[in-house]
Amino acid sequence: MITATDLELRAGSRILLSGADLRVQPGDRIGLVGRNGAGKTTSMRVLAGESEPYGGKVGANSPVGYLPQDPREGDLRVTAKDRVLSAKGLDELLRRMEKAQTAMAELVDADNDKAVREYGRIEERFAALGGYAAESEAARICNHLGLPDRVLDQQIATLSGGQRRRVELARILFAASDGGAQSNTTLLLDEPTNHLDADSITWLRSFLSSHEGGLVVISHDTELLAAVVNKVWFLDATRGEVDVYNMDWKRYLDARATDEKRRRRERANAEKKASALHTQALKMGAKATKAVAAKNMARRADELLAGLEPEQKHDRVAKIRFPDPAPCGRTPITAEGLSKAFGSLEVFTGVDLAVDRGAKVVVLGLNGAGKTTLLRLLAGTEEPDAGKVLPGHGLRTGYFAQEHDTLDMSASVWENIRHASPDTPEQQLRTVLGTFMFSGEQLQQPAGTLSGGERTRLALAGLVSSSANVLLLDEPTNNLDPASREQVLDALRRFTGAVILVTHDPGAVEALDPDKVIVLPDGTEDLWSADYLELVQLA
């Protein structure tokens, strides 16, 4: 269980939440919602113990599994399998058992007896934690999340961003699974469906629906919320309060709409009454004998208005328009014989491509096929093992990295946009940031403290402030609310430069209306057809 008492959260001097008392109990499956910038990710970090609140106390008396939007893994040299098993300490026990087995085979007499006893102690501890059944459960969870054995045997460093995030999700869910026993782990999941295919999302809904420990989830996937949650916390950024709805998602939507209508009606009635009192006070104030009564009437009208709740603000939406592309030659970017491997793992080999001016290209392939790696090679952030990238006349690339690698997390919002476009006038950059909903004190906020959606908007702002003629976009709709996602899709439709797109979002592909497709790891190039659309979600 997690308990928060008199909680106050701030972003700079802006109060996000004040005086909130919250509790997550076993069986609670809570959807945490609110408009852009309301503080959903900040609240989740504080509940997880990753950040300190401005005021109040937060405590947990049971294990907590927290999935941030951008997980930062520890040792990248460990295998994905060991990373998942480490949730229960099984990875270390397996290594110790293997070491003891070797000792038993090599040692004799008293030393051998000692090794046998050591192996027995380790195996007993291993069995107490679920043993081989738990190992099998971990493999089952990984398989449902699209992590087959060949991926689990790889080091974390060799995995794509999407695979790494699924490994972290698998690790957290494995920690919360107790082999059929009731779990007391509280899960805090921030956009858990990112990088998951349709089958994995369906399985995740089932897992979360049957989870008996507490759950708090932030998600733009309304189907997940409808299938899973039995409570909703609405962060009201206008009032700095949390509205708690002890009901499922569908009934919450109806109740929320009713509450908003009631508030609007109460405001209209109070404003109407206050206006009438002010009008009457003005008439009476002209007569000296009624001056006191007029003042009292005016004061009553002011009190009526002061007692009203602040008027709800509608969600602000980023106004996204990709830049007019700088002039370039007929074929601004070409690649010949690109090959890349991580250690003994060959990602792809001998990939050729030529992207013409204004071409629209989508890169497809199963998870781990090298889609992100290809974009990094084209962007120049990584070097190929063989082959080369040939820039054409006037090439200007704009690279959007799915893990926000182009952002300096220790630098402020303003410093990041200035670095992305050093030659652009300051006022123009401030205007660009304003259209992406960054203004005032937030410009000085470190990028590392932003939510995943805010980081996505900041990275996109960097693209907009450029005049790129080839956009390299890696999952540009991840972490975005539905309205902002539509803005990105509309910007894709209208951009006249070349685009090379990696995405799991069929809507993004349809908006791009691609000319051709590159299928990895073979590097097969083909004209686009609707037959490829099914592969987008599977990739």
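So, a few notes on the structure that sits alongside this text. Computed from a predicted structure; not experimentally measured.

### Some words on the packing of helix 13 (residues 413-420) against helix 14 (residues 426-435)
Item 1. The geometry of helix 13 relative to helix 14 is characterised by a closest axis approach of 11 Å and an angle of 120° between their N-to-C directions. You can see that helix 13 and helix 14 cross each other, and the crossing is right-handed. Residues Val-413, Trp-414, Ile-417 and Arg-418 of helix 13 lie in contact with helix 14, whose contacting residues are Glu-426, Leu-429, Arg-430 and Leu-433.
Item 2. Residue composition of the contact of helix 13 with helix 14, grouped by class: five nonpolar, no polar and three charged.

### Focus on the sheet that holds strand 7 (residues 215-218)
Item 1. The mixed open sheet is built from six strands, whose spatial order is 5-6-7-3-8-9. The open sheet terminates on both sides in strands that have one partner only, identified here as strand 5 (64-67) and strand 9 (241-245). The mean inter-strand angle of the sheet, taken between neighbouring strand axes irrespective of direction, is 15°.
Item 2. Relative to strand 7, strand 3 (residues 29-34) runs parallel, the two sharing three bridges. Bridging from a neighbouring strand, Ile-30 pairs with Val-216 of strand 7.

### Structural notes on the pattern of salt bridges
Item 1. Counting across every chain of the model gives 22 salt bridges.
Item 2. The partner of Asp-405 in a salt bridge is Arg-376, and the shortest N-O contact between them spans 3.1 Å. Here Asp-405 is found in the loop between strand 14 (397-400) and helix 13, whereas its partner Arg-376 is found in helix 12 (residues 371-379), with 29 residues between them in sequence.
Item 3. The residue Asp-505 makes a salt bridge to Arg-485 at a minimum N-O spacing of 2.8 Å. Linking Asp-505 in the loop between strand 16 (498-502) and helix 17 (506-512) with Arg-485 in helix 16 (residues 482-494), this pair joins segments that are 20 residues apart in sequence.
Item 4. The network of salt bridges with common partners includes Asp-236, Arg-239, Glu-241, Asp-243, Arg-256 and Glu-260.

### Quick word on helix 14
Item 1. When helix 14 is considered as a whole, its buried residues turn out to be Leu-429, Val-432 and Leu-433. Each buried residue of helix 14 lies within a common arc of 95° when the element is viewed along its axis, so the set occupies one face.
Item 2. Of the residues one or two after helix 14, Met-437 is the one with positive phi, at around 70°.

### Observations regarding the pairing of strand 2 (residues 14-24)
Item 1. With seven bridges connecting them, strand 1 (residues 2-11) and strand 2 associate as antiparallel partners. Directly across from Leu-9, in strand 2, lies its bridge partner Leu-17.
Item 2. Where strand 1 folds back on strand 2, the antiparallel hairpin that results is connected by two residues, among which Gly-12 adopts a positive phi of roughly 65°.

### Comments concerning the packing of aromatic side chains
What characterises a pair of aromatic rings is the spacing of the ring centres plus the angle enclosed by the ring planes.
Item 1. Taken as a whole, this structure holds four aromatic pairs when the rule is applied.
Item 2. Between the aromatic rings of Trp-249 and Tyr-252, the centroid separation amounts to 5.1 Å while the plane-to-plane angle is 40°, which identifies the pairing as tilted. Residue Trp-249 and its partner Tyr-252 are located together in helix 10 (residues 249-285), separated by three residues, close to a single helical turn. For the pair Trp-249 and Tyr-252, one class covers both residues: buried.
Item 3. Members of the aromatic cluster, joined through ring pairs, are Tyr-245, Trp-249 and Tyr-252.
Item 4. When the ring centre of Tyr-54 is taken as reference, the NZ or CZ atom of Arg-10 above it lies at 4.1 Å.
Item 5. Over the face of the ring belonging to Phe-234 we find Arg-256, whose NZ or CZ atom lies 3.5 Å from the ring centre.

### Topic: the nonpolar core
Item 1. Grouped together as the largest cluster of nonpolar side chains are 45 residues, with contacts concentrated most on Leu-173, Leu-187, Leu-189 and Leu-208.
Item 2. In contact with Leu-187, not counting residues within four places along its chain, are Gly-65, Ile-172, Leu-173, Ala-176, Phe-207, Leu-208, His-211, Gly-214, Leu-215 and Val-216.

### A look at the pairing of strand 12 (residues 360-364)
Item 1. Of all five residues in strand 12, five are buried, a share of seventy percent or more.
Item 2. Burial along strand 12 is two-sided: Lys-360, Val-362 and Leu-364 facing one way and Val-361 and Val-363 facing the other are all buried.
Item 3. Pairing geometry for strand 12 and strand 16, over three bridges, is parallel. Paired with Val-361 across the strands is Ile-500, a residue of strand 16.
Item 4. Pairing geometry for strand 12 and strand 17 (residues 516-519), over four bridges, is parallel. Paired with Val-362 across the bridge in strand 17 is Val-517.

### Quick notes on the environment of Leu-304
Item 1. The residue Leu-304 is located in helix 11 (residues 291-306) in this model.
Item 2. A sequence separation of 135 residues divides Leu-304 from Leu-169, and the C-alpha atoms of the two residues are 50 Å apart.
Item 3. Apart from the residues lying within four places of it in its own chain, the contact partners of Leu-304 are Ala-270, Lys-273, Ala-274 and Leu-277.

### Quick look at unusual backbone geometry
Note: most residues except glycine have negative phi, and most peptide bonds are trans.
Item 1. A cis geometry characterises the amide bond from Leu-520 onward to Pro-521, with omega recorded as 15°.
Item 2. Turning to its location among the elements, Pro-521 is positioned in the loop between strand 17 and strand 18 (524-527).
Item 3. In this model, Glu-191 sits at a positive phi of 55°, which is unusual for a non-glycine residue.
Item 4. Following the sequence through the fold, Glu-191 ends up in the loop between strand 6 (186-190) and helix 8 (198-210).
Item 5. Accessibility expressed as a relative area gives 3% for Glu-191, which makes it buried.

### So, the sheet that holds strand 11 (residues 345-355)
Item 1. The three strands lie next to each other as 11-10-13, forming an open sheet whose pairing is antiparallel. Since the sheet does not close on itself, it has two edges, and those belong to strand 11 and strand 13 (386-391), each with one partner. Between one strand axis and the next, the sheet turns through 20° on average, direction left out of account.
Item 2. Taken together, the seven bridges between strand 10 (residues 333-342) and strand 11 define a ladder with antiparallel strand orientation. Within the sheet, the bridge partner assigned to Phe-342 lies in strand 11 and is Leu-345.

### Topic: the environment of Pro-53
Item 1. In this fold, Pro-53 is placed in the loop between helix 1 (40-47) and strand 4 (55-60).
Item 2. Overall, the relative accessible area of 17% leaves Pro-53 in the buried class.
Item 3. For the pair Pro-53 and Leu-501, spaced 448 residues apart in sequence, the C-alpha to C-alpha distance is 39 Å.
Item 4. In this structure, Pro-53 is in contact with Leu-7, Glu-8, Leu-9 and Val-46, ignoring residues within four places of it in sequence.

Quick notes on the rules
- Residues numbered from 1 in each chain as written.
- Predicted model: local features only at pLDDT ≥ 70, side-chain atom pairs only at ≥ 80, totals over all residues.
- Heavy atoms only, no water.
- Axes fitted to C-alpha atoms, helices over the stretch in contact; angles between N-to-C directions.
- Helix = DSSP H or I, 4+ residues; strand = E, 2+ residues; numbered from the N terminus.
- Left-handed = near helix turned anticlockwise from the far one by under 90°.
- Contact = heavy atoms within 4.5 Å.
- Nonpolar A, V, L, I, M, F, W, Y, C, P; charged D, E, K, R; others polar.
- Pairing = 2+ DSSP bridges.
- Salt bridge = Lys/Arg side-chain N within 4 Å of Asp/Glu carboxyl O.
- Buried < 20%, exposed > 50% of the residue type's maximum accessible area, 1.4 Å probe, protein only.
- Arc of directions from axis to C-beta.
- Phe/Tyr/Trp six-rings, centres within 6.5 Å; stacked < 30°, edge-to-face > 60°.
- Lys NZ or Arg CZ within 6 Å of the ring centre and 35° of its normal.
- Core = buried A, V, L, I, M, F, W, Y, C linked by side-chain atoms within 4.5 Å.

None of this, on its own, says anything about what the molecule does.
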